[in-house]
Structure formats: structure tokens, C-alpha cells
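Chains, contacts and geometry: an overview
So you can see what is in the structure, the chains are spelled out below.
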Amino acid sequence: MALETDKQNPREAKKLGAKFQRHDSLYGDAERVSDTGYHASEDSWARTLHLAFQCIGVIYGDIGTSPLYVYASTFTSGISNVDDLYGVLSLILYSIILLPMIKYVFIVLYANDNGDGGTFALYSLISRYAKVSLIPNQQADDAMVSNYGLETVSAPMKRAQWTKKMLESSMVAKVAIFLLTILGTSMVISDGVLTPAISVLSAVSGLQEKAPQLKQEQMVWISVAILVVLFAVQRFGTDKVGYSFAPIILMWFLFIGGIGIYNLIKYDIGVLRAFYPKYIVDYFKTNGKDAWISLGGILLCFTGTEAMFADLGHFNIRSIQISFSFILFPSVSLAYIGQAAFLRKHPEHVLDTFYKSIPGPMFWPTFIIAISAAIVASQAMISGSFAIISQSQTLGCFPRVKVLHTSKLYEGQVYIPEINFVLGLLCVIVTFGFKTTTNIGNAYGICVTSVMVITTILLVIVMLLIWRVSIWLIIPFCLVFGSIELVYLSSVLYKFKQGGYLPIVTAAVLLTIMGVWHYVHVKKYWYELEHIVTNEDMRELIQAHDVKRTPGVGFLYTELVQGVPPIFPHLIEKIPFVHSILVFVSIKHLPIPHVEVSERFRFRKVESRTSRMFRCVARYGYSDTIEGAKEFSASLVEGLQSYIEEGHFITNMQIQETEAEATSITDSNTRTRKASGSTVYIEEALTQSETTDLTQPPISSYSAHSSGRISEDQSRTIAEEKQFIQRELQKGVVYILGETEIRAGSNSSFFKKIVVNYMYSFLRKNFRQGEKAFAIPRQKLLKVGMVYEI
């Protein structure tokens, strides 16, 4: 089944003219229709500094509180040779410089998807340039959306084209990229469980310095109480949380930086020699395998790095670069340097380095700030979990959950009640179960390094396909960052039995949920595509059942972006009535964060011009909010009225001119025109029938209002049609949803039957239904039951 045709018959192209020429994304500009930007690139300096302050409280809590436990997690058996501190400090400093700073802050953040970051943003970015999506709903004119952002091809064309062909022709490559994406997503969510536990527990343990009678069990209960409060305040939104947390984290950075300078001067200023990387080599030569194992503790210095990318939709690149370079890096580096200087004189205090190294008068102020900072340390991964699940849901990779947008200014700031509850519950269970930061740290490292490795792989694809970077830059990028991350990953996997199994089990459960949901989602789409109802079938169906028209407007929701779904004839066979105006509505999420409202709707007439049946594709970005039923229907009807007016005009001006030439095109080809200044895209069939082929010729721009050559009869007909729509709208709107039951076919394997009949069925029954996701009033809802055998 052909999904898209990249080549066109030269004779046909010559006849139809340049206006129908097809431009592949690797061969030409995507003809942007507006100059709209996104907040990640066009903010003023005032806004950037404002966001730089806000992001301190949201994305740096995790990496900023790492000095609480890094040395204790590295030297779990104590310090046998104080000279090892040079090597460990050097590893900490260069790890922060290479991975969080150079790789993420100054490279990875630029691989954003129109301002949004995270694993799924990388996947959607790749999907725009190569058809790697497993759902066959790609359409040629999607690239006409202004935020689609395809760039004109530059020099390394052959390599980019080879990469594109390889990805599109290999099902193994498509599945591999998808599995890497959802694995990275699962690890980020697992990180959101472990971050609060280790941060809060390590901060609370400072109480034992002044109250040694407190037992570890009591520390755990205090930590759990704090965690419950933290997750409870998430419903107020990232915007409010960021404002309240930013001053706390900023003060925390000032405290740990100042204490680091004090310890450096007081104990041993000679630790500054750790900036000489030779001490890293000496550390491995001296300690061998023990040095390799200790990497599992050292890597905790850059936990939370992925949050900078996942939370990019909340802020922008420049704000993160400023806050990291001038606030986080100096403060955290001074903290590690000061602790190393302290341990040179007091190596016996390595298990409680942070609190032991605080000057006496500063203990209680620092402890209070440490507790406060630990409370918000988990905010980075919690916010990242919300954002990435919201993205995965809209791309059909996660069951429906309730997504609340908490900021009117930036739609990337979301809150998901169900996920917040599950994260909080799991976090409490982990805190009670592991009890110590050492065991939690063993689990923590696997999440951090796994996501980094996955990001590196996806970024290499971006470099080859989209950035078209020189191969001589890609190779050192892989060698440097890939090798470092793999070495760290091998170290934490060594501690699998000491807690490393937890994130793997959690990720496996999430991977199963996402994989099962997407697998059945794809199979369902293919089933509907293969059982599509053509215009000829529609005419026969209406005649055979003597279908009557009932007053009002009906919206029949379907996932198909072309043709009529098989559930419609099933409905007609049971109830041979159709609303006076019937619209087949498809909610389509493009692999971009946002779609402009003016480019939202695409319409097409179904069956005949007098049937008053239409097909509408409502296009959204994965970060866009779908309006409530009332607002959505009003916008759709307004677009439908514009379609009727512009459709008559374009039919009069253009269809007759190209009808003869277009008959040689396959039945599935359509002529797609975009009316400039319009709110809709108009498709008119050039042949009498539709097939399942998604091929669409290119798009040409016409102004629907640039000429007055509309006849009086046409003007009268247009006015009557618009009045008729308005009258029927006043009589009421009914929303028709397919209540499809998905079953595995009788010839399916045992494994497939388990996946479809039991696992998917369980997920579907226990997550939100379609009417809740679309906010459809129950009194206006009609469900149509049908069984799909896939």
C-alpha cells in the first residue's frame, strides 16, 4: 500500500505546471506561510533573564543538590589514600564540564523541536524529515504548516538522502528508533521517582548531626512527610512553583559556593591541582577495578542533566545557558572543591562530608536551606515527566490521561494528576524500601546514564539527517561523549543487585504499557485504512438503506485522516438516519509542538456536493491544547462556512482548468489548495472515488478574495448554504464516537492474543475514555459499538 509518492510523471508535471510540483523535504524549502516563532528563539533579553531566574528553581534542584551525597556514594568503604581525592575531584569537574555543559547546554538543546525538548521531541523532529512513524497518516501538505520548520538542503546531500532512505525503507530501523524513544521516556519517568527520594532523604539525614538520638527509621518518616507535601503542591503549576522555588535554590547556590571557598582556603588550597586531568589517569592506575566501580557514585554529580532538555518547553535555550554557566556551574564546582579540601584533612568524615564541612555558626541556616533545596530538587524530573508523557500521549504512545495546562503564557507547562499521584506513591514506597541514599544512588545512576546514551544515538541521527554536520565532527562527538557515557553505564550496571534493578523493572513496566498501546493503535489505524469507505460505497450505502436526514449537526470522530471509517456503514445499518450536516472529524497531531489556529482545519466534501457531508482534519501540535467541545464545534463550523465560500470560488476558477489534465492521475490523488488569509485548507476531489492511498499532489496558493468573478447564482448559493449550516447548528450538535472493541484475529499467535485481548483491553478500560479527553457533554454523546479483528 503506497503511502506517498516521491516521484511524478514528467509529462503530468509539465501539463499541470509548476504549481503542482512536489518538493521533498530534503530537496527544497517547505514554503513557510507565516513568520510565527516560538518562545525558545525570539524572547527579548528581559524575558530571557526572567526565565533564567525561574528555571533555577525548576530544573537545577536535582543537579544542584548532588553535593549532599556524591562523595559518600563514591567512597562507600572510606578513603584509603587521600591522594585519591585529586582523581575523584578531577573526574567530577570534567564530567560536569563535558556532559551537562558542553554536550547538553551547548549542543543538545539546539536539537529542540520548535522550542520543545526531550526524547519525544527528538523523535518527532526526526519524523518530520524521514517517515519513521509507524502510523501511516502522513500527508504531503503537513509540511505547509508554518511551524513545520523544514530547512533548505545544504551541502552534504548524499549522506542525508542515504540516511533518509535507510530509515524509511527499514522497518527494523523504525521500530528501533521508536523503542529507544519510549525506553528513554521510561527512564526519565523512573528518574522522577528516584530523585525526590534521594534528595530529601540525604538532606534530612543532617538532623543526626545535632540530634544523634534520632534513628534512621525516623529519618525515613520525616522524609516521607516532606515528599507528600512536595507532590501535593504540584497542582499549582510549574509557573507558581518556579517563582517560589527559584529564590530558595539561588540562596542554596550562594551558601554551598561560599562554604566551598571557606573550606578551600582553610583546609587545602592545593586541591585546585585537580584541574590537571593527569590525576584521573593516576586514580585509575592506582585503584584499577575499584576506581571503575566508584564511577557509579561519581556520576551522581550530573544527575538531572536530562531535565534541562526535557523542560526546555518551559523555558528557552539562552535562559538555561546563562543560568547554568554563571550560577550553577561556579557554585557546584566550588562546593565539590571545598569538600575535597576538607576531606584531605578529615577523611574519616567521608560518609557525611557535606554537614561535617559546614562551619559551626552556619550549620542551622545551611541545614534549613538544604532541606528547602532538597524539597525542590525533584522538581526538575517531575516537570520533565509531565511534559514527556503529554508529548507521548498526543503521538499515540501512551494511554489517555488528563493534562492540565497551568500557564497561559507557555503551553509547555503542564500538570497531570494521575501521573503525579503514581510518581508520589512510588517515591514513598522507594523511600520506605531502600531507607539509605547509597542503595537509591545505585538505582539512580542507571536512569541517568541510559537516557544520556539514548539521547546521544538520536542526536547522531539528527546530525546526519537534519543538521547535516560533517562526518569528521560526528565521529569525535560519538567517540568522546559516547565512550564516556558507556563507561559510566557499565559501572552502574555492576551494582544491579544493590538496587540497580529498580529502574530497570520500572522502565520495563512503562515500556510494556507504551509499547502495547502504540502497537494496537497502529494496528487499529491500518484496519480502518484497509476497510475505508469510498465515495462510490457511500452512494450505494445511502441508496440501499434509504437513509433519512435528521435535523442538527453531527460530528463523527475518527482517527483516519482520509476517507470514511468502517464504523459509519455499521451505524447506518443499525440506524438509517444521518444529521442534516455530518462532519467526519479527525484529530491529527503533527510531529511539531504547535500548529497555528489559522492553519488548523482541512475540509473536503464527501459523496457529492449536495450531500452536506464533509470530512475535516483538525491539526494540532503535540503541545497544543484541544479546546472544549463547545469551543471546538464553533471553530469547526466557522471553518466549514469559510470552506463553502472558498470552495465554490476555487471550484469555479481552477477545477475546470485542470480537470482534463488531472484525469491521468491515480484515483487517490487530490488537488489541495490553500487560500491565503484563510482559516481552512480546501481539498476538492479530481476523480469520482477515493482509495486508501495517501498520495497528495503539492500545494499551491490562491487568494480566495482577490477577484470578484463570482456569479450572482454562486453568491446566492453560498449565502444559502451558510444560513442552512447556522440554522442546523442552532438545532443542536451530536458527537458520535466509535466504541470499538479491538480483538486479535482467530489466526493470530498466542502472544498477540495476550497483548491485544487482555493487556490492551485492561489499559483501555482503566484509562480515560474519548469523551473525557475531548470534554464532550454526556447528554450530546452517541457511542457506536463495533468489533475490530486485527
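Nothing here was measured: the structure is a model prediction, and the numbers come from that model. (Residues numbered from 1 in each chain as written. Predicted model: local features only at pLDDT ≥ 70, side-chain atom pairs only at ≥ 80, totals over all residues. Heavy atoms only, no water.)

On the surface, Leu493, Phe496, Tyr501, Ile504, Val505 and Val509 cluster together into a nonpolar patch covering about 490 Å² of accessible area. Looking at which element gives the most residues to the nonpolar patch, the answer is helix α22 (residues 501–530), with 4 residues. Mapping Tyr501 onto the fold places it in helix α22. (Patch = residues over 30% accessible without salt bridge, like charges linked within 9 Å, V, L, I, M, F, W, Y side chains within 5 Å. Areas by Shrake-Rupley, 256 points an atom, 1.4 Å probe, with all protein chains shown as cover. Salt bridge = Lys/Arg side-chain N within 4 Å of Asp/Glu carboxyl O. Helix = DSSP H or I, 4+ residues; strand = E, 2+ residues; numbered from the N terminus.)

Moving on to unusual backbone geometry. A positive phi angle, near 55°, is found at Arg468, a position not held by glycine. Note that Arg468 resides in the loop between α20 (437–467) and α21 (471–493). Take Arg468: its relative accessible area is 6%, and that puts it in the buried class. One non-glycine residue, Arg612, lies in positive phi territory at about 55°. (Buried < 20%, exposed > 50% of the residue type's maximum accessible area, 1.4 Å probe, protein only.)

Moving on, we get to the packing of aromatic side chains. A full pass over the atoms with the stated rule returns 33 aromatic pairs. Consider the rings of Trp364 and Phe367, whose centres lie 5.7 Å apart with planes at 90°: the pair is edge-to-face. Pair noted here: Trp364 and Phe367 are both in helix α17 (residues 363–377), with a separation of 3 residues, about one helical turn. On the accessibility criterion, Phe367 (8% relative accessible area) is buried. In textbook terms, an aromatic cluster arises when at least three aromatic residues are bridged by ring pairs, as seen for Phe555, Tyr557, Phe601, Phe603, Phe614, Phe632, Tyr643 and Tyr735. We note Arg318 situated over the ring of Trp45; from NZ or CZ to the ring centre the distance is 4.7 Å. Here the basic side chain of Arg612 rests over the ring of Phe724, its NZ or CZ set 3.9 Å away from the ring centre. (Phe/Tyr/Trp six-rings, centres within 6.5 Å; stacked < 30°, edge-to-face > 60°. Lys NZ or Arg CZ within 6 Å of the ring centre and 35° of its normal.)

For helix α13 (residues 289–298), the buried fraction is high: 7 of the 10 residues fall into the buried class. Regarding α13, the residues found buried are Ala291, Ile293, Ser294, Leu295, Gly296, Gly297 and Ile298. Buried residues in α13 make contact with α4 (70–74), α5 (84–105), α12 (278–287) and α21. (Contact = heavy atoms within 4.5 Å.)

Each α-helix turn comprises 3.6 residues. Residues three or four places apart therefore point the same way. In a regular helix each residue adds 1.5 Å, so 23 residues correspond to 33 Å; α21 covers 31 Å between its end C-alpha atoms and thus fits that length. At Gly482, α21 shows its maximal bend, which comes to roughly 25°. Those residues of α21 that sit buried are Ile474, Phe477, Phe481, Gly482, Glu485, Tyr488, Leu489, Ser491 and Val492. (Expected span 1.5 Å × (residues − 1). Bend = angle between axes of the 7 residues up to and from the residue.)

As a further point, take the packing of α5 against α20. Look at α5 against α20: their axes get within 13 Å of each other, and the N-to-C directions meet at 30°. The orientation of α5 with respect to α20, classified from their angle, is roughly parallel. You can see that α5 and α20 cross each other, and the crossing is left-handed. Seen from α5, the contacting residues are Leu99, Lys103 and Tyr104; seen from α20, they are Val451, Met452, Thr455 and Thr456. For the contact of α5 with α20, the residue count by class is 4 nonpolar, 2 polar and 1 charged. (Axes fitted to C-alpha atoms, helices over the stretch in contact; angles between N-to-C directions. Parallel < 35°, antiparallel > 145°, perpendicular 65-115°, else oblique. Left-handed = near helix turned anticlockwise from the far one by under 90°. Nonpolar A, V, L, I, M, F, W, Y, C, P; charged D, E, K, R; others polar.)

Taken as a whole and assessed by the stated rule, the structure comprises 14 salt bridges. For Lys435, the salt bridge goes to Glu217, with nearest N and O atoms at 3.4 Å. Taken together, the residues Lys435 in the loop between α19 (417–434) and α20 and Glu217 in helix α10 (residues 216–232) connect sequence positions 218 residues apart. For Glu217, a relative accessible area of 38% translates into the label partly exposed. Beyond isolated ion pairs, a larger network of salt bridges with shared partners links Asp83, Asp268 and Arg344.

Axes are the key here: two packed helices are described by the angle between their axes and the distance separating the axes. Here α10 crosses α19 at 170°, and the two axes come no closer than 10 Å. Between α10 and α19, the crossing angle belongs to the class labelled roughly antiparallel. Note on element contacts: α19 touches α10 through Asn420, Leu423, Gly424, Cys427, Val428, Thr431 and Phe432, opposite Val220, Trp221, Ser223, Val224, Leu227, Val228 and Phe231. Grouping the amino acids of the contact of α10 with α19 by side-chain chemistry returns 10 nonpolar, 4 polar and no charged.

Consecutive side chains of a regular strand alternate in pointing toward one face of the sheet and then the other. With respect to burial, strand β4 (residues 577–590) is a largely interior element, 13 of its 14 residues being buried. Pairing geometry for strand β3 (residues 548–557) and β4, over 8 bridges, is parallel. Paired with Leu556 across the two strands is Phe584, which belongs to β4. The sheet contact formed by β4 and strand β6 (residues 613–621) spans 9 bridges and is parallel. Across the sheet, the residue bridging to His589 is Tyr620, located in β6. (Pairing = 2+ DSSP bridges.)

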